[in-house]
Amino acid sequence: DLEKQIVQIKDLNVGARRGRKPSRSSSLKGRKAEPKYRNSANPKETWAGRGMKPRWLTAALKSGKKIESFEIKK
């Protein structure tokens, strides 16, 4: 009796997964963003402003510098 109930529950879960609509992902996902900030000490280090702040920027901000001083001006 218990085994029959387990099979029924598994069948319900499988059916629910199949009927689910596909999730929408962002159209920007996977695209590279242009860098917005550059490390003045090492110009090769940049940050696009996405995700976590890099260590060099975090350290500079803790030392009292403003984030505006690292902006890349076009």
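Above this text sits the structure in question.
A brief look at the structure comes next. Keep in mind it's a predicted model, so treat the numbers as computed, not measured.

So, about the environment of K36. Its place among the elements puts K36 in the loop between α1 (2-18) and β1 (37-38). Ignoring sequence-local partners within four residues, the contact set of K36 consists of W47, A48, F70, E71 and I72.

A complete count under the given rule lists two aromatic pairs for this structure. For the pair W56 and F70, a centre-to-centre distance of 5.8 Å together with 65° between the ring planes defines the contact as edge-to-face. Linking W56 in helix α2 (residues 55-62) with F70 in the segment after α2, this pair joins segments that are 14 residues apart in sequence. Classification of W56 by relative accessible area gives buried; the value is 16%.

Following the sequence through the fold, N39 ends up in the loop between β1 and β2 (46-47). Among the polar contacts listed, one links the side chain of N39 to the backbone nitrogen of A41, at a separation of 3.0 Å. With near-sequence residues (within four places) excluded, N39 lies in contact with E45, W56 and F70.

Here is what the cut-offs are and how they apply
Residues numbered from 1 in each chain as written. Predicted model: local features only at pLDDT ≥ 70, side-chain atom pairs only at ≥ 80, totals over all residues. Heavy atoms only, no water. Helix = DSSP H or I, 4+ residues; strand = E, 2+ residues; numbered from the N terminus. Contact = heavy atoms within 4.5 Å. Phe/Tyr/Trp six-rings, centres within 6.5 Å; stacked < 30°, edge-to-face > 60°. Buried < 20%, exposed > 50% of the residue type's maximum accessible area, 1.4 Å probe, protein only. Polar contact = N/O pair within 3.5 Å; in protein donor to acceptor, adjacent residues only side chain to side chain.

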